[in-house]
Amino acid sequence: MLQMKTHYPDATRVEPVNRHTLAIVVDNEPGVLARIAGLFSGRGYNIESLTVTETQHEAHISRITIVTTGTHSIIQQIKSQLERLVPVHRVVDLTLTGEAVERELCLVKVVGKGDHRVEAMRLASAFGARTLDATLTSFVYEMTGTTDEVERFIKLMTAVGLVEVSRTGVAAMARGAEGIM
Amino acid sequence: MSETMTGAEMVIRALQDQGVEHVFGYPGGAVLPIYDALFHQEKVRHVLVRHEQGAVHAAEGYARASGKPGVVLVTSGPGATNAITGLADAMMDSIPLVCITGQVPTHLIGSDAFQECDTVGITRHCTKHNYLVKSIEDLPRVLHEAFYVAQNGRPGPVVVDLPKDIQFKAGQYARPLSNQHKTYRPTVKGDMDHIRAAIELMANAKRPVFYTGGGVINSGTQASALLRELVQLTGFPITSTLMGLGAYPASDRQWLGMLGMHGTYEANLAMHECDVMINIGARFDDRITGRLDAFSPFSKRIHVDIDPSSINKTVKVDIPIVGDCAHVLEDMVRLWRQGAKQADKGELQEWWNKIEGWRARNCLAYKNSKETIKPQYAVQRLYELTKDRAPYVTTEVGQHQMWAAQYFRFDEPNHWMTSGGHGTMGYGLPAAVGAQLAHPDALVIDIAGEASIQMMLQEMSTALQYNLPIKVFILNNEYMGMVRQWQELLHGGRYSQSYSESLPDFVKLAEAYGGVGIRCDNPAELDAKIMEMINVNRPVIFDCIVDKTENCFPMIPSGKAHNEMLLNDYLGETGTDIGSVIDEKGKMLV
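Residues numbered from 1 in each chain as written. Chains lettered and ligands numbered in written order. Predicted model: local features only at pLDDT ≥ 70, side-chain atom pairs only at ≥ 80, totals over all residues. Heavy atoms only, no water.

A word on the overall build of chain B
The helix and strand inventory of chain B stands at 23 helices and 20 strands. At 24 Å, chain B has a C-alpha radius of gyration in line with the 25 Å of a compact globule built from 590 residues. When the backbone C-alpha atoms are referred to their principal axes, chain B occupies close to 70 × 60 × 45 Å. Looking at chain B as a whole, 61% of its 590 residues qualify as buried. In chain B, the share of contacts with a sequence separation of at least 24, taken over all contacts with a separation of at least 6, comes to 76%. Here chain B has roughly 21,800 Å² of accessible surface; of this, 50% comes from carbon and sulfur atoms. Across chain B, the 54 positively charged side chains and the 67 negatively charged ones have centroids separated by 3 Å. (Helix = DSSP H or I, 4+ residues; strand = E, 2+ residues; numbered from the N terminus. Rg over C-alpha atoms; globule rule 2.2 N^0.38 Å. Buried < 20%, exposed > 50% of the residue type's maximum accessible area, 1.4 Å probe, protein only. Contact = heavy atoms within 4.5 Å. Areas by Shrake-Rupley, 256 points an atom, 1.4 Å probe, with all protein chains shown as cover. Lys, Arg positive; Asp, Glu negative; His and termini not counted. Charge placed at Lys NZ, Arg CZ, Asp CG, Glu CD.)

As structure tokens, this is what we get:
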């Protein structure tokens, strides 16, 4: 629960805070990412994760996936503020469209010998991680899953010699036949 | 049919094709090619300001007085950064502007070149949209698109940053068949189901009130005409924000005056007690709402706004209508006329009786004096002596601005130009320059304070250069009055740095610029001197020496609600110490 800010410090309302995944379709023009990131920082919204790449090369259209948190009214306001930006075509709140498919990819490097090394291999195989690089003392694994699964994988790997993590952030898509273009 | 020309020539041609008559600007290294292209033509008239901030405010004044977009042309680096305050002002008040900034040549961008700054980076948050044009092929489209974006949807400033090498480069120019943006399509027609629900709610209202804002003015004169029609059809009372003054005639009986922090008793109490609030083109600004959790506690709310992000931003509404005011008002008027059931006349009459009771409180009354000029009296006399000429009035920011809003009365839209959202001291003089250019034969008055006026004073020189007979009417109380008033309210009357020391002799100053200076400190002479000012066909600075201690009332103190206003006679009646009115939490607010 988070207290919602108003102009007046004693006029607070308590509303539940939820995690929402937004898919934002934008013109891939210079500065568009700065516009969106700046909107979040300027208005005091959270970004938990942000992923962006051009998805339609001929039309120069990118899809940005942002995971944010807020009360219902803040999420509504974020959506309206994003839609106000000129290069933004559409904003879809995937959390509201039903259970969207969400995946994140992480690369982890573990360094160790003996039992740690064996345990790291076991865990990797249990999580379905791929081995991308191996030396006599280290592994680099690639693991894909929900944010929770990635978190769990990283937490376990910490115990067996994790030295480095790189994560993509969430990519997401609504279930069913309907597409967002 | 396309023609070959340079980027600089394209800029001028695009302005011509957009029907631009005036450009406010200041030359510099990175815009020299554009200034050269200006030199070869006469359709677009350049107005040389004395500071880039002045250029933007002048363009704002021009835009608001004419209903057309304002155009600004400045150089890179300091030219662009000086324009920022004006752009932020236009952003907050939704004024359509196109600001063309020069930039260092593309191959020098990012090298910390002379007069380089990241203009699109710096202006990203204070413009509606901005462009850095890196290829001559994009230029014609971007120029026209900038005008489309500035004017459509919620209006705002658009920056086009143009590197010098692109200005020199030759390319093909053709006026786009439609200068729409390829995807930006704001909603203008309101949702009919919501409009129907709104009309239904209005028809069943017992204590309704219209609360209208700058959106009605921005939507064009047609919107004001439709608003008048709807208000008169319904018989409901109407109040307006600072930005919305003039959309509904102040001389009409249904008009309650401005609402908000310095609004009238009747307007604020009507907002507090109403059961149906019809917000048209206003955004529940904190100057309007006062304490949010006590704002209009009994009302169902209808909110018409072209910007979906204005809806439910701070105040929850029951019936949101996203659309342009004129379009929605047209539908509302039509549906109201068709609707069989009208508001209950008996209950509406009761509501009016209540309002008349509040009105009888005469909240704008003040104690006049024979010795010193009361600032309220000065504005009242200025209004009475100029109202027949339908003057265009601009203001700076502070007490004088609120007195102007309270005591000057506007019957037509686009006659009132003030910095509402951003609260920019220095706005009024350049805005008057812009307004006078839009209406060369009209009477244009900048109601100013002696502190604010010094922030953009250099634009007197612009007024002289272009023979613009603007009248700068300074309410001189030798204080930053609003700061002083707040120091009285919040800080025990310790006037830290709010006294206007070492003031210039404004009469001599006017003369030094080549204008006319008039001073008045005697209430008995005020009328004659105001007439003298009006009758001079040259720029005038009128130094009106007013009461130094007068405060601006009514006032909703910070952290208080609409029904907790302070009135003018508050101190006299109760003897309460003004410093104890605001509680500790209220002191944190602005």
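Let's talk about the sheet that holds strand S6 (residues 88-93) of chain A
Residue and element names in this part refer to chain A. Overall, antiparallel pairing links the 4 strands, which are arranged S4-S5-S3-S6 in an open sheet. At either margin of the open sheet sits one strand with a lone partner, and together these are strand S4 (49-56) and S6. With strand direction ignored, the average angle separating the axes of adjacent strands in the sheet is 20 degrees. Taken together, the 7 bridges between S4 and strand S5 (residues 61-70) define a ladder with antiparallel strand orientation. Along S5, the bridge assignment pairs Thr 53 with Arg 63. (Pairing = 2+ DSSP bridges. Axes fitted to C-alpha atoms, helices over the stretch in contact; angles between N-to-C directions.)

Topic: the pattern of salt bridges
All names here are of chain A. Considering all chains together, one arrives at 34 salt bridges over all chains under this definition. Of the charged contacts, one joins Arg 167 and Glu 104 as a salt bridge, the two residues approaching to 2.7 Å between their closest N and O atoms. Here Arg 167 is found in strand S10 (residues 162-173), whereas its partner Glu 104 is found in strand S7 (residues 101-111), with 63 residues between them in sequence. Residue class for Arg 167 comes out partly exposed when judged on its relative accessible area of 34%. With its nearest N and O atoms 3.0 Å apart, the salt bridge here joins Arg 122 to Glu 119. Of this pair, Arg 122 and Glu 119 both sit in helix H3 (residues 115-126), 3 residues apart, which is roughly one turn of that helix. (Salt bridge = Lys/Arg side-chain N within 4 Å of Asp/Glu carboxyl O.)

A short note on the UniProt feature "domain: Thiamine pyrophosphate enzyme central" (unreviewed entry) in chain B
With numbering matched to this structure, UniProt assigns "domain: Thiamine pyrophosphate enzyme central" (unreviewed entry) to residues 195-331 of chain B. Summarising residues 195-331 of chain B: 35% helix, 20% strand, and an end-to-end C-alpha distance of 7 Å. (UniProt positions renumbered as here; feature names shortened; annotations may be inferred.)

Let's talk about the nonpolar core
All names here are of chain B. In terms of nonpolar packing, the biggest core is built from 109 residues, with Met 202, Ile 302, Met 332 and Phe 473 touching the most fellow members. Counting residues per element, this core draws most heavily on helix H13 (residues 325-338), at 8 residues. Of the residues that make up this core, three or more belong to each of domain 2 (192-359) and domain 3 (375-545). Phe 473 has contacts with Ala 378, Leu 382, Ile 445, Asp 446, Ile 447, Ala 448, Ile 530, Met 533, Phe 542 and Cys 544, leaving out every residue within four places of it along the chain. (Core = buried A, V, L, I, M, F, W, Y, C linked by side-chain atoms within 4.5 Å. Domains from an automatic or database assignment.)

A word on the pairing of strand S14 (residues 319-322) of chain B
All names here are of chain B. Only one face of S14 is buried, namely the one carrying Ile 319 and Ile 321, since none of Pro 320 and Val 322 on the opposite face is buried. Pairing geometry for strand S13 (residues 300-305) and S14, over 4 bridges, is parallel. Within S14, the residue paired with Asp 305 across the bridge is Val 322.

Regarding the UniProt feature "domain: ACT" (unreviewed entry) in chain A
When the UniProt feature table is mapped to this numbering, "domain: ACT" (unreviewed entry) covers residues 21-96 of chain A. Helix makes up 32% of residues 21-96 of chain A and strand makes up 41%, while its end C-alpha atoms are separated by 9 Å.

Some words on the interface of chain A and chain B
Across the contact, 22 residues belong to chain A and 28 residues belong to chain B. Of the roughly 2,200 Å² buried where chain A meets chain B, counting both sides, 58% is carbon and sulfur surface. Along the contact surface separating chain A from chain B lie 2 salt bridges. Among the ionic pairs, B:Asp307 bridges to A:Arg84, the shortest N-O distance being 2.7 Å. (Buried area = accessible area lost by both parts, 1.4 Å probe.)

A word on the domain arrangement of chain A
It is common to give the size of an interface as the accessible area that goes away when the parts come together. Residues and elements named next belong to chain A. Looking at the assigned domains, one finds that chain A contains domain 1 (2-93) and domain 2 (101-173). Placing a centre on the C-alpha atoms of domain 1 and another on those of domain 2 gives a separation of 30 Å. Each partner contributes residues to the interface: domain 1 has 8 residues there, and domain 2 has 8 residues. At the surface where domain 1 touches domain 2, the tally comes to 1 salt bridge. Here Arg 19 makes a salt bridge to Glu 102, at a shortest N to O gap of 3.8 Å. Viewed at the interface, domain 2 and domain 1 are joined by 5 residue pairs in polar contact (both at pLDDT 80 or more). Elements that contribute at least two residues to the side of domain 1 that touches domain 2 include exactly strand S3 (18-27), S4 and S5. Among the residues forming the side of domain 1 that touches domain 2, the class breakdown is 2 nonpolar, 4 polar and 2 charged. (Polar contact = N/O pair within 3.5 Å; in protein donor to acceptor, adjacent residues only side chain to side chain. Nonpolar A, V, L, I, M, F, W, Y, C, P; charged D, E, K, R; others polar.)

Focus on the confidence of the model for chain A
Residue and element names in this part refer to chain A. This prediction gives chain A a mean pLDDT of 92; 93% of its residues lie at or above 70. In the model of chain A, strand S1 (residues 2-4) stands out as the element of lowest mean pLDDT, 46, in contrast to strand S9 (residues 138-145), which has the highest, 98. Low pLDDT (under 50) marks residues 1-5, which in the prediction has 17 contacts with non-local residues, meaning those over four places away or in another chain. (pLDDT = per-residue confidence, 0-100.)

Here we look at the domain arrangement of chain B
Residue and element names in this part refer to chain B. Under the domain assignment, chain B is made up of domain 1 (3-173), domain 2 (192-359) and domain 3 (375-545). Placing a centre on the C-alpha atoms of domain 1 and another on those of domain 2 gives a separation of 37 Å. Across the boundary between the two partners, domain 1 contributes 7 residues, which contact 6 residues of domain 2. With both chains or domains summed, domain 1 and domain 2 bury close to 610 Å², and 50% of this area falls on carbon and sulfur atoms. At the junction of domain 1 and domain 2, the tally comes to 1 salt bridge. One salt bridge in this structure joins Asp 307 and Arg 154, with 2.8 Å as the shortest N-O distance. Linking domain 1 with domain 2 are 3 residue pairs in polar contact (both at pLDDT 80 or more). By residue class, the composition of the side of domain 1 that touches domain 2 is 2 nonpolar, 2 polar and 3 charged.

Remarks on the sheet that holds strand S17 (residues 444-449) of chain B
Residue and element names in this part refer to chain B. What the 6 strands build is an open sheet, ordered S16-S15-S17-S18-S20-S19; its pairing is parallel. On the outer flanks of this sheet lie strand S16 (416-417) and strand S19 (516-520), each paired with one strand and no other. Across 5 bridges, S17 lies against strand S18 (residues 471-476) in parallel orientation. Bridging from a neighbouring strand, Ile 445 pairs with Lys 471 of S18.

Remarks on the environment of B:Leu382
All names here are of chain B. Relative to the helices and strands, Leu 382 resides in helix H15 (residues 375-386). Taking C-alpha positions, Leu 382 is 9.0 Å from Phe 473, a pair spaced 91 residues apart along the chain. In this view, Leu 382 contacts Phe 408, Ile 445, Ile 447, Phe 473, Ile 530 and Met 533; residues no more than four positions away in its chain are not counted.

Focus on the pairing of strand S5 (residues 97-103) of chain B
Residues and elements named next belong to chain B. Within S5, 7 of the 7 residues are buried, which leaves the element mostly enclosed by the surrounding structure. Neither face of S5 is exposed, since Leu 97, Cys 99, Thr 101 and Gln 103 on one face and Val 98, Ile 100 and Gly 102 on the opposite face are all buried. One ladder, built from 5 bridges, connects strand S4 (residues 70-74) with S5; its direction is parallel. Bridge pairing in S5 links Leu 73 to Ile 100.

A few points about the packing of aromatic side chains
With the rule as written, the count across this model stands at 16 aromatic pairs over all chains. Ring geometry for A:Phe127 against A:Phe153: centres 5.1 Å apart, planes inclined by 55 degrees, an arrangement best described as tilted. Linking A:Phe127 in the loop between H3 and strand S8 (130-134) with A:Phe153 in helix H4 (residues 147-158), this pair joins segments that are 26 residues apart in sequence. Each member of the aromatic cluster is reached from another via a ring pair, and the members are B:Tyr383, B:Phe408, B:Phe410 and B:Trp416. (Phe/Tyr/Trp six-rings, centres within 6.5 Å; stacked < 30°, edge-to-face > 60°.)

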